[in-house]
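# Examination of the molecular architecture
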Amino acid sequence: VARVEPVIMELENADRVVVVVAHQAVLRVLLAYFGGNSADSSVNVEVSHRTVWRCTYSSTGITAVDRLRLGPDVCDKVINASLPPHSPGDGGKKL
């Protein structure tokens, strides 16, 4: 938790949208913190694959955490759209 504390401070002070891509352990800590739970309880926080969380503050400083689960078909479309097309000279391998 101590190693993630500087990141938490940066996120709290951000004045724009921030996207965090991290390992599950780091995401557990962030979700526990922004969800108002203890660091000890972060071990039990479910961190599903293909999921986007949105953490927002209200005008009174109360945090809300919303979860959007993406199906495999959505993820496959995004991944395939971002891959460069392969050329005949690359042996037909997809990246």
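Heads up: the structure comes first, above all this text.
Definitions and limits used
Residues numbered from 1 in each chain as written. Predicted model: local features only at pLDDT ≥ 70, side-chain atom pairs only at ≥ 80, totals over all residues. Heavy atoms only, no water. Pairing = 2+ DSSP bridges. Helix = DSSP H or I, 4+ residues; strand = E, 2+ residues; numbered from the N terminus. 1 Å grid on protein atoms, 1.4 Å probe; cavity = no way out; pocket = protein on both sides within 12 Å on 5 of 7 lines; lining within 4 Å. Points joined across faces, edges and corners; volume = space filled by probe spheres on them. Nonpolar A, V, L, I, M, F, W, Y, C, P; charged D, E, K, R; others polar.

Another point: the pairing of strand S1 (residues 51-57). With 7 bridges joining them, S1 and strand S2 (residues 63-69) adopt antiparallel strand pairing. Bridge pairing links Val52 to Leu68 in S2. Connecting S1 to the antiparallel partner S2 that follows it, the hairpin turn spans 5 residues, and Gly61 within it adopts a positive phi of roughly 90°.

In this structure, the largest pocket occupies an estimated 970 Å³ of space. Together, 27 residues line the largest pocket, and Val18, Val19, Val20, Trp53 and Arg54 are the ones closest to its centre. Taken together, the elements giving at least two residues each to the lining of the largest pocket come down to helix H1 (5-13), helix H2 (24-34) and S1. For the lining of the largest pocket, the element with the most residues is S1, which contributes 7 residues. Here the lining of the largest pocket is composed, by residue class, of 18 nonpolar, 5 polar and 4 charged. When its volume is computed, the second largest pocket comes out at roughly 170 Å³. Val1, Arg3, Val4, Ala25, Val26, Arg28, Val29, Ser42 and Val43 together form the lining of the second largest pocket.

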